[in-house]
Amino acid sequence: MSDFLTGIAFFLIIEGLVYALAPSVLKRMAEMLPQIPEGQLRMSGLAAVALGVAMVWFIRGA
């Protein structure tokens, strides 16, 4: 449970940094989002999940 909460904390830190350091970039990305096809968004999301799982697996195995 501790690892899960640590992961949530890191997520909040990274999200907060994006909003704090580059709000204009975030707003531009949000405006572009509806123009990206759903399939591409879905594949990007799946790739991010796979990368995250691989990183956790690698870190835990090391």
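Just so you know, these numbers come straight off a predicted model, no measurement behind them.

**Q** How should I be thinking about the layout of surface pockets in this particular structure?
**A** The method is simple in principle: a probe with the dimensions of a water molecule rolls over the atoms, and the space it marks as empty is what remains. Taken as a whole, the largest pocket spans an internal volume of roughly 260 Å³. Lining the largest pocket are D3, G7, F10, F11, I14, E15, G52, V56, I59 and R60. Residue contributions to the lining of the largest pocket peak at six residues, all from helix 1 (residues 2–21). Computed from the structure, the second largest pocket encloses a volume of approximately 160 Å³. Residues of the lining of the second largest pocket, tallied by class, amount to four nonpolar, two polar and no charged.

**Q** Help me understand the environment of E38, please; the structure alone is not making it clear to me.
**A** Residue placement: E38 occurs in helix 3 (residues 38–61). Among the residues examined, E38 registers a relative accessible area of 58% and is labelled exposed. Sequence spacing of E38 and E15 is 23 residues, and the spatial spacing of their C-alpha atoms is 23 Å.

**Q** Hey, could you run me through a nonpolar patch on the surface in this one?
**A** A grouping of M1, F4, L5, I8, F11 and L12 is seen on the molecular surface, where their side chains present a nonpolar patch of about 690 Å² in accessible area. Its place among the elements puts M1 in the segment before helix 1. Judged by its relative accessible area of 74%, M1 is exposed.

**Q** Got a minute to help me understand the confidence of the model for the chain in this structure?
**A** Predicted coordinates in areas of low pLDDT are best not read in detail. Here the chain shows a mean pLDDT of 93. Residues at 70 or above account for 100%. The secondary structure element of the chain with the lowest average pLDDT is helix 1, at 92, and the one with the highest is helix 2 (residues 23–32), at 94.

**Q** I tried to follow the pattern of salt bridges on my own but got confused; where do I start?
**A** Between side chains of opposite charge, a pair can form as their charged atoms come close. The final tally for this structure, using the stated rule, is one salt bridge. A salt bridge links D3 to R60; the shortest N-O distance between them is 2.0 Å. Here the residue D3 occupies a position in helix 1, and R60 occupies one in helix 3, the gap between them amounting to 57 residues. Side by side, D3 and R60 carry an identical accessibility label, which is exposed.

Analysis parameters
- Residues numbered from 1 in each chain as written.
- Predicted model: local features only at pLDDT ≥ 70, side-chain atom pairs only at ≥ 80, totals over all residues.
- Heavy atoms only, no water.
- 1 Å grid on protein atoms, 1.4 Å probe; cavity = no way out; pocket = protein on both sides within 12 Å on 5 of 7 lines; lining within 4 Å.
- Points joined across faces, edges and corners; volume = space filled by probe spheres on them.
- Helix = DSSP H or I, 4+ residues; strand = E, 2+ residues; numbered from the N terminus.
- Nonpolar A, V, L, I, M, F, W, Y, C, P; charged D, E, K, R; others polar.
- Buried < 20%, exposed > 50% of the residue type's maximum accessible area, 1.4 Å probe, protein only.
- Patch = residues over 30% accessible without salt bridge, like charges linked within 9 Å, V, L, I, M, F, W, Y side chains within 5 Å.
- Areas by Shrake-Rupley, 256 points an atom, 1.4 Å probe, with all protein chains shown as cover.
- Salt bridge = Lys/Arg side-chain N within 4 Å of Asp/Glu carboxyl O.
- pLDDT = per-residue confidence, 0-100.

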